[in-house]
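Chain and residue survey
Letter by letter, the chains look like this.
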Amino acid sequence: MESEAVVRALWDRMQARDWAGVGELLADDVVVEWPASAERIVGRENYVKVNAEYPEGWSIRVLRVVASGETVVSEVEVPHEGMGVHRVASFWTVRDGRIADGREYWIALGQDPSPQWRSAWVQPM
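Note that the structure is predicted; figures quoted are calculated from it, not measured.

Reading guide: rules and limits
- Residues numbered from 1 in each chain as written.
- Predicted model: local features only at pLDDT ≥ 70, side-chain atom pairs only at ≥ 80, totals over all residues.
- Heavy atoms only, no water.
- Phe/Tyr/Trp six-rings, centres within 6.5 Å; stacked < 30°, edge-to-face > 60°.
- Helix = DSSP H or I, 4+ residues; strand = E, 2+ residues; numbered from the N terminus.
- Buried < 20%, exposed > 50% of the residue type's maximum accessible area, 1.4 Å probe, protein only.
- Lys NZ or Arg CZ within 6 Å of the ring centre and 35° of its normal.
- Pairing = 2+ DSSP bridges.
- Axes fitted to C-alpha atoms, helices over the stretch in contact; angles between N-to-C directions.
- Polar contact = N/O pair within 3.5 Å; in protein donor to acceptor, adjacent residues only side chain to side chain.
- Contact = heavy atoms within 4.5 Å.

1. A closer look at the packing of aromatic side chains
What describes a pair of aromatic rings is the distance from one ring centre to the other and the angle between the planes of the rings. On inspection of all chains with the given rule, the structure shows four aromatic pairs. When the centroid spacing of 6.5 Å and the interplanar angle of 85 degrees are considered together, the rings of Tyr47 and Trp92 count as edge-to-face. Remark: Trp92 occurs in strand β5 (residues 84-95) and Tyr47 occurs in helix α3 (residues 44-52); sequence separation between them is 45 residues. The buried category is assigned to Trp92, whose relative accessible area is 1%. Grouping aromatic residues by their ring pairs yields a cluster made of Trp11, Tyr47 and Trp92. Across from the ring centre of Trp58, 3.4 Å away, lies the NZ or CZ of Arg17, which sits over that ring.

See below:
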């Protein structure tokens, strides 16, 4: 499977709650970092569990996937019934058809208020 297809399959399997299928796409020793919360997830089992245990009420909409060789970047929107809409920019390394590592930046839309000093140059989304 090409690198881009691996990442698209990851999001498809997460949406389907196919946790065994998610695990098949990950290297045994995968490392995924979440810098915004200063967390590192080490190992396939931990990555699958942290996602499987996330409180229900969410869905996934892939906005874009860009790939170059073994590097794949994805932007995904994750609306949640009780927690609002989140976006994630993910940077993946795919080797031998499996995700070897990743770095994900999760944000809650609208939770980083625009400072007054730049209001003359920006527009609200």
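2. Describing unusual backbone geometry
Of note in this structure, Arg17 is not a glycine but carries a positive phi near 60 degrees. Accessibility expressed as a relative area gives 23% for Arg17, which makes it partly exposed.

3. Thoughts on the sheet that holds strand β2 (residues 39-42)
Pairing within the open sheet is mixed, and its six strands lie in the order β2-β1-β6-β5-β4-β3. At either margin of the open sheet sits one strand with a lone partner, and together these are β2 and β3 (61-68). Averaged over neighbouring strand pairs, the angle between their axes works out to 15 degrees when direction is ignored. As paired elements, β3 and strand β4 (residues 71-80) share seven bridges and run antiparallel to each other. Following the sheet pairing, Val66 is matched in β4 by Val73.

4. Some words on the side chain of His80
Positionally, His80 belongs in strand β4. With a relative accessible area of 11%, His80 lands in the buried category. A polar atom in the side chain of His80 sits 3.0 Å from the backbone oxygen of Pro55. Here Gly82 takes part through its backbone nitrogen, which lies 3.0 Å from a polar atom of the side chain of His80. With sequence-adjacent residues up to four places away left out, His80 is seen in contact with Tyr54, Pro55, Glu56, Gly57 and Trp58.

5. Comments concerning the pairing of strand β6 (residues 98-108)
Looking at chain direction, strand β1 (residues 26-34) and β6 are connected through four bridges and run parallel. Residue pairing for β6: Val32 is matched across the bridge by Gly102. Pairing of β5 with β6 involves 10 bridges; the strand directions are antiparallel. When the bridges of β6 are listed, Thr93 appears paired with Asp101. Where β5 folds back on β6, the antiparallel hairpin that results is connected by two residues, among which Asp96 adopts a positive phi of roughly 55 degrees.

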